[in-house]
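# Structural features, examined
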Amino acid sequence: MRKAGPDSGYFRRLGYRLTADLDRLDAQELAETSEASGACQAAECRRGEEVTMLGRLRSVEACPKAASACLEAEFFDGTDAITLVWIGRRRIPGIEPGRRILVRGRIGERDGAKVIFNPYYELRGNS
């Protein structure tokens, strides 16, 4: 039977968790949860692909009143960020920063960044 010593995996993981940046740990946890659920990872998605992803909304904002009504949110799954755009909506109940969400849609591109227009979504628990 092997005892837990300073070189064991347990102490290495504990040391890493105690000294690592919180944003990095959060991103790592999001990526692991997403992968375990069988969802696509944003970093591996390409333009034109139909994807299902699990992650968290970092920010949510309505477009200016002068523009057509739309709601934009930054979705992050631990590997990359994707902009979600709901056209014709200024607010959607439950779509708020920090919320865990499952989204489904086709990856597009706007100004060189990944975007999904009018994605299907399911709100998830914030655990």
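Residues numbered from 1 in each chain as written. Predicted model: local features only at pLDDT ≥ 70, side-chain atom pairs only at ≥ 80, totals over all residues. Heavy atoms only, no water.

The name an unreviewed UniProt entry assigns to the chain is OB-fold nucleic acid binding domain-containing protein, from the organism Nocardia jiangxiensis.

Bringing the nonpolar core into the picture now. Nonpolar side chains tend to gather and get buried jointly when the protein is soluble and globular. Membership of the largest hydrophobic core comes to 17 residues, with the highest contact counts inside it found for Met-53 and Leu-84. Of all the elements in the fold, those that place two or more residues in this core are strand 1 (50-62), strand 2 (70-76), strand 3 (81-87) and strand 4 (100-106). Residues within four places of Leu-84 in sequence aside, it is in contact with Leu-57, Leu-71, Glu-72, Ala-73, Phe-75, Val-103, Ile-116 and Pro-119. (Core = buried A, V, L, I, M, F, W, Y, C linked by side-chain atoms within 4.5 Å. Buried < 20%, exposed > 50% of the residue type's maximum accessible area, 1.4 Å probe, protein only. Helix = DSSP H or I, 4+ residues; strand = E, 2+ residues; numbered from the N terminus. Contact = heavy atoms within 4.5 Å.)

By the bridge criterion, seven bridges tie strand 2 to strand 3 in an arrangement that is antiparallel. Across the sheet, Cys-70 pairs through a bridge with Ile-87, a residue of strand 3. Pairing analysis gives three bridges linking strand 3 to strand 6 (residues 113-117), with the strands arranged parallel. Across the sheet, the residue bridging to Val-85 is Phe-117, located in strand 6. (Pairing = 2+ DSSP bridges.)

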